[in-house]
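# Remarks on the overall topology
Chain by chain, the residues run as shown.
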Amino acid sequence: MDASERRSVFITGAASGIGAATARHFAAHGWFVGLYDLNAQGASELAREMGSENCAAGPLDVRDELSWAAAAASFDRATCGRLDVLINNAGLLAIGPLGETPTERLRNIIQVNLMGPILGIRACLPLLMATPGSRIVNVASIAGLRALPDGAVYSSSKFGLRGLSEALRDELKPAGISVSTIYPAFVATPMMSVGDDHVTTSLLERLDAVGFNLYAPQTVAEAILRAVERQSDEVGAGGQARLIRTLAAVCPPLLSVLWWFGEMKARRSAR
């Protein structure tokens, strides 16, 4: 089947973690997949694994408007103008006291996690508008439902992504474009290992004390495809994320109380 006749998906941050798992999952269900990542070599290696008949790959710095334009044009050529689903998955994590985190790291969090999706949606709008029933999927986090202590800027970026999704859900509806927001809990990806080893270890110990599990990237990939197939506006990826999303929607005070108890438990365990 020609690429222009298959459902197509464009994935940012596709070279590893959630992005790579999602690419493989969609391809296994017959989709033509766009693999775009700042790690162009990683995206190319995944493309070789998946086969050129199933995907297109290229470099993408989601912070850069020109990079987005080039990636969108590349995907346009590969699919003859078809884009069924845009998945804004690329992300950065920074955990630690605000005053102790380098400014450049904080700036990158906002640029990648929030401005990246904004620039990407703008760059891909012509393709999305030309494809009937198209959808944008923004991969947020449970930190976009309840702010993460020592993760002020990361949480801000994910709350912002949640707001972007809500606004565009209404704005783009007349154009026939739907918007989904995915809320993963904590996932075992390379992002969890980025940065200061002490900070990463501290975060993992804290999550363990609170009772959070690290989910496999495949859990999120499956949640994303379900959201697309069921045309869902919001989806929690993993049991804990689904619980937090439900509490955030129906009883925010209870979520705050449970979160507080978890924090107290984590602090006692750290002593």
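For the structure given in this document, a descriptive report is provided here.

## Topic: the environment of Leu-46
Relative to the helices and strands, Leu-46 is located in helix α2 (residues 40-50). Expressed as a C-alpha distance, the spacing of Leu-46 and Ala-14, which sit 32 residues apart in the sequence, is 8.5 Å. Contact partners of Leu-46, with chain neighbours within four places excluded, come to Ala-14, Ala-20, Ala-23, Arg-24 and Leu-35.

## Quick word on the nonpolar core
Counting residues in hydrophobic clusters, the biggest one holds 40 residues, and the most contacted among them are Phe-10, Trp-68, Leu-83 and Leu-86. Sorting the residues of this core by element identifies β2 (32-37), α3 (65-79), α4 (103-129), α5 (152-171), β6 (178-184) and α8 (239-250) as the ones contributing at least two each. No other element matches α4, which puts six residues into this core. Of all hydrophobic cores here, the second largest spans 28 residues; its members include Ile-11, Phe-26, Val-33 and Ala-47.

## Thoughts on the side chain of Asn-138
Within the fold, Asn-138 resides in strand β5 (residues 135-139). We classify Asn-138 as buried; its relative accessible area is 0%. Once you skip the residues sitting within four places of it in the chain, Asn-138 turns out to touch Asn-88, Pro-117, Ile-121, Leu-161, Leu-164, Ser-165, Val-179, Ser-180, Thr-181 and Ile-182.

## Re helix α7 (residues 217-230)
End to end, α7 covers 20 Å across 14 residues, agreeing with the expected 20 Å (1.5 Å per residue, within 8%). For α7, the elements touching its buried residues are α1 (17-28), β4 (85-88), β5, β6 and β7 (234-237). Directly beyond the C-terminal end of α7, a positive phi value near 55° is found at Gln-231.

## Notes on the packing of α1 against α2
One way to put it is that α1 packs onto α2 with a least axis distance of 12 Å and a crossing angle of 25°. Judged on the interaxial angle alone, α2 and α1 are roughly parallel. In this structure, the crossing between α1 and α2 has a hand that is right-handed. Across the interface between the two elements, Ala-20, Ala-23, Arg-24 and Ala-27 from α1 touch Leu-46, Glu-49 and Met-50 from α2. A breakdown of the residues in the contact of α1 with α2 according to their chemical character gives five nonpolar, no polar and two charged.

The rules behind these values
Residues numbered from 1 in each chain as written. Predicted model: local features only at pLDDT ≥ 70, side-chain atom pairs only at ≥ 80, totals over all residues. Heavy atoms only, no water. Helix = DSSP H or I, 4+ residues; strand = E, 2+ residues; numbered from the N terminus. Contact = heavy atoms within 4.5 Å. Core = buried A, V, L, I, M, F, W, Y, C linked by side-chain atoms within 4.5 Å. Buried < 20%, exposed > 50% of the residue type's maximum accessible area, 1.4 Å probe, protein only. Expected span 1.5 Å × (residues − 1). Axes fitted to C-alpha atoms, helices over the stretch in contact; angles between N-to-C directions. Parallel < 35°, antiparallel > 145°, perpendicular 65-115°, else oblique. Left-handed = near helix turned anticlockwise from the far one by under 90°. Nonpolar A, V, L, I, M, F, W, Y, C, P; charged D, E, K, R; others polar.

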